[in-house]
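Structural description and commentary
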There are 2 protein chains.
Amino acid sequence: MGRMPERVPGRLPGSPPTLADVAERAGVSRQTVSNAVNNAELLRPDTLERVRAAIAELGYLPNRAARNLRTRSSHLLGLRISPHLEGTAEATMDRFVHSLVEASRGAGYHVLLFDAVDRTDPLAGYDDLLRATAVDAFVVTDTYLGNPQAGLLDERGAPFVAFGRPWDDPGAPHPWVDVDGAAGTRLATDHLLDRGHERIAWIGWRKDSTIGEDRRSGWSSGLRDRGLPTSGLASRVEDTVASGREASAVLLDEARPTAFVCASDTLAIGVLHTLADRGLSAGRDVAVVGFDDSQAAQLVLPGLTSVRQPLEQVAVEVVRALEGVMTHQPRPEPGLLLVPTLSVRGSS
Amino acid sequence: MGRMPERVPGRLPGSPPTLADVAERAGVSRQTVSNAVNNAELLRPDTLERVRAAIAELGYLPNRAARNLRTRSSHLLGLRISPHLEGTAEATMDRFVHSLVEASRGAGYHVLLFDAVDRTDPLAGYDDLLRATAVDAFVVTDTYLGNPQAGLLDERGAPFVAFGRPWDDPGAPHPWVDVDGAAGTRLATDHLLDRGHERIAWIGWRKDSTIGEDRRSGWSSGLRDRGLPTSGLASRVEDTVASGREASAVLLDEARPTAFVCASDTLAIGVLHTLADRGLSAGRDVAVVGFDDSQAAQLVLPGLTSVRQPLEQVAVEVVRALEGVMTHQPRPEPGLLLVPTLSVRGSS
DNA sequence: CTGAAAGCGCTAACAA
DNA sequence: TTGTTAGCGCTTTCAG
């Protein structure tokens, strides 16, 4: 790594050395070099040493295309990314991409990014890469929308692991990794209860959002377990700052909560706006907790307490599951549910 | 796209059809199929039609590895990403990645993500991919740090385009695309001047940040051109919220500015914090402008006016330049400087 | 306009 | 333990 390969005379700088070059230099056959790279234990120590020296001198690295063709694998993981949503605190995806790249490297894989040409086709992009054998497997991240690509990929027998549960079809055969949203909001709710709050409101998404209902259940169970009321304390709106702002204003007027748990940081920031409008201090007068631990949560005054998904861990588990899929190992559990943490800041 | 390929009997679902399968089905030779795909104009219309039908029926797509091996190109663009910085409004990179994926697709390329194994080696990751011919070219984005990878890649004769000027070496041979930071802060400064501000302060980065000094120059030239003073109105600090907060407090006490232009949204949010501390209203009492148009700028109250980099356009131009590099076309201009815009919000 | 032959660089079998 | 042979699927000459 980082060692400058010797510039071999007569070789164009543009064309890297091949197996044959190394073999010639080391005075062995091509196959022996291949073995030195892939099955070192098959070689006699001194031969191995000689071949390794030649490899280092030439700066040899196996040509990917040739290896891919021969082994019928690309060592590439496909990840489809959606267009950036402006105006929301959507940070999860980007953080996950970083973690995935790192985890993949550890397993000898690179991440290939693609996007949907045709947004209406749930399989757009996937299908082409599959048929061209351009990737070994996919990481499917948009299952939270209740999108059908997981099911369709299952049908096609495509190798993939989902970040997100198959809500629609709990018996789906593919492996998945997900974060327990209910546990996260439960954590948030308990945190507020422990600080003495008893009237805790919920601002979440519309009822058709499965993930939204899951997060909501952490809040409601938290209150119920302490015998506290939830009725009149919940609101379901669009995921925008404006919606969070309006919903919190209404709740404040009608139900007088002393704390809010929100399905997203975007909504929570809307709550902060309402508090500012009314001269109330977030954290002192009314507590607020968001979800996703976005940059905005970290930067906003007085700091937004937020549920943080363990995305690094998700990525590691996704890659682990992927390795299982690609080696056709039977998986004991189809899914793995990870527990989020709470980043406590000034707002609570 | 999206059409379900016919399941051919006797063929494993896992192994896609090959050129030979299509040829057999269409009753032509393999080369004719290859021509139908790559040089359609060479075929007689009726033959072409027949081959195309067979391709559609089988859902054929050329095997990438085989094509890559033969054509000595991977149709992959390498992009190195750095670990996520928490606590700053770093949004530029992520937005750029999305734009790049989209622009690359238009040119028939996919984006391969990698990260640095060894953070101290400026060429970490690049070198291996190059020698393995795993990518056709790189997009180098971290030149703004004054990092040496551009120069090192130039030395190696590696094909790449930089997002960011070669500040250290203006005569560098590689193509680059950049955003004119000075023009952005000039835009911000003129905007404030037009609104009647005359005492406009600057909060930027340390002097050794070339890009920081560039952005600063837009502010200073803006004031100078109207015969307004700059002395005592500038501060150079670390890129953190806390630094922006402290620096603005000091400036407010010592120089009584009515507006701030900042080198980043992170710093600008620090200014907003100081204003909140002192019961001043951002936008009404004191105007603030940031840089990068991050999510935080959009979410924070009352909305942070911010310089927005035209990253979609940058990505398009980077890909265009890349195509030139890969076809060895001489480039008239080594670099292209794009002009940012101003997203005006409540803070000004 | 279509077909035959060659080979990109590598690795999986097998033979020595 | 090492070398030989074959072929992954494709495209690029070059003949027909």
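Up top is the structure these notes are about.
This section reports on the structure supplied with the text.

The next thing to look at is the nonpolar core. In globular proteins that are soluble, nonpolar side chains generally tend to be buried together. Core analysis: the largest hydrophobic core is formed by 84 residues, its most contacted members being A:Ile203, A:Phe260, B:Ile203 and B:Phe260. Apart from the residues within four sequence positions on either side, A:Phe260 is in contact with A:Leu192, A:Ala201, A:Ile203, A:Ser248, A:Leu251, A:Leu252, A:Val271, A:Val286, A:Ala287, A:Val288 and A:Val289. Core analysis: the next-biggest nonpolar cluster, separate from the first, contains 54 residues, A:Leu100, A:Val177, B:Ile81 and B:Leu100 among them.

The partner chain B presents 66 residues to the 66 residues of chain A that form the contact. In total, about 5900 Å² of surface goes out of reach between chain A and chain B, with carbon and sulfur atoms giving 60% of it. Put simply, chain A and chain B have two salt bridges between them. In this structure, A:Arg105 and B:Asp115 form a salt bridge, with 2.5 Å as the shortest nitrogen-oxygen distance. At the level of secondary structure, the elements contributing two or more residues to the side of chain A that touches chain B comprise α4 (64–71), α5 (92–106), β2 (110–114), α6 (126–131), α10 (241–255), α11 (265–277) and α12 (295–299) of chain A. Among the elements that take part in the side of chain A that touches chain B, α5(A) stands out by supplying seven residues, more than any other. A class-by-class count of the residues in the side of chain A that touches chain B yields 35 nonpolar, 15 polar and 16 charged. Strand direction decides the pairing type here: β2(A) and strand β2 (residues 110–114) of chain B, joined by three bridges, are antiparallel.

Applying the stated criterion across every chain, the model contains 40 salt bridges over all chains. Ionic pairing is found between A:Asp293 and A:Arg308, a salt bridge with its closest N-O pair at 2.6 Å. Taken together, the positions of A:Asp293 in the loop between β9 (287–291) and α12 and A:Arg308 in strand β10 (residues 305–308) put the pair 15 residues apart, joining distant regions of the chain. Among the ionic pairs, B:Asp127 bridges to B:Arg156, the shortest N-O distance being 2.7 Å. Taken together, the residues span a long stretch of sequence, with B:Asp127 in helix α6 (residues 126–131) and B:Arg156 in helix α7 (residues 149–156) at a distance of 29 residues. For the pair formed by B:Asp127 and B:Arg156, the shared burial category is buried.

What follows covers the pairing of strand β4 (residues 160–163) of chain A. Residues and elements named next belong to chain A. The alternating pattern of β4 places Phe160 and Ala162 and Val161 and Phe163 on opposite faces, both of which are buried. The pairing of strand β3 (residues 137–140) with β4 spans three bridges and is classified as parallel. Its bridge partner lying in β4, Val139 is registered against Val161. Two elements, β4 and strand β5 (residues 176–179), share two bridges in a ladder whose sense is parallel. Residue Phe163 lies in a different strand from β5, and its bridge partner there is Val177.

What follows is about the packing of aromatic side chains. All names here are of chain A. Counted by the stated rule, this structure contains ten aromatic pairs over all chains. Note on Phe114 and Tyr126: the rings are 5.2 Å apart at their centroids and 85 degrees apart in plane angle, and the pair reads as edge-to-face. Placement of Phe114 in strand β2 and of Tyr126 in helix α6 is noted, with a sequence separation of twelve residues between them. Owing to a relative accessible area of 2%, Phe114 belongs among the buried residues under this scheme. A network of ring pairs unites the aromatic residues Phe114, Tyr126 and Phe138 as a single cluster. A cation over a ring is seen here: Arg215 above Phe291, with NZ or CZ 3.6 Å from the ring centre.

Definitions and cut-offs
Residues numbered from 1 in each chain as written. Chains lettered and ligands numbered in written order. Predicted model: local features only at pLDDT ≥ 70, side-chain atom pairs only at ≥ 80, totals over all residues. Heavy atoms only, no water. Core = buried A, V, L, I, M, F, W, Y, C linked by side-chain atoms within 4.5 Å. Buried < 20%, exposed > 50% of the residue type's maximum accessible area, 1.4 Å probe, protein only. Contact = heavy atoms within 4.5 Å. Buried area = accessible area lost by both parts, 1.4 Å probe. Salt bridge = Lys/Arg side-chain N within 4 Å of Asp/Glu carboxyl O. Helix = DSSP H or I, 4+ residues; strand = E, 2+ residues; numbered from the N terminus. Nonpolar A, V, L, I, M, F, W, Y, C, P; charged D, E, K, R; others polar. Pairing = 2+ DSSP bridges. Phe/Tyr/Trp six-rings, centres within 6.5 Å; stacked < 30°, edge-to-face > 60°. Lys NZ or Arg CZ within 6 Å of the ring centre and 35° of its normal.

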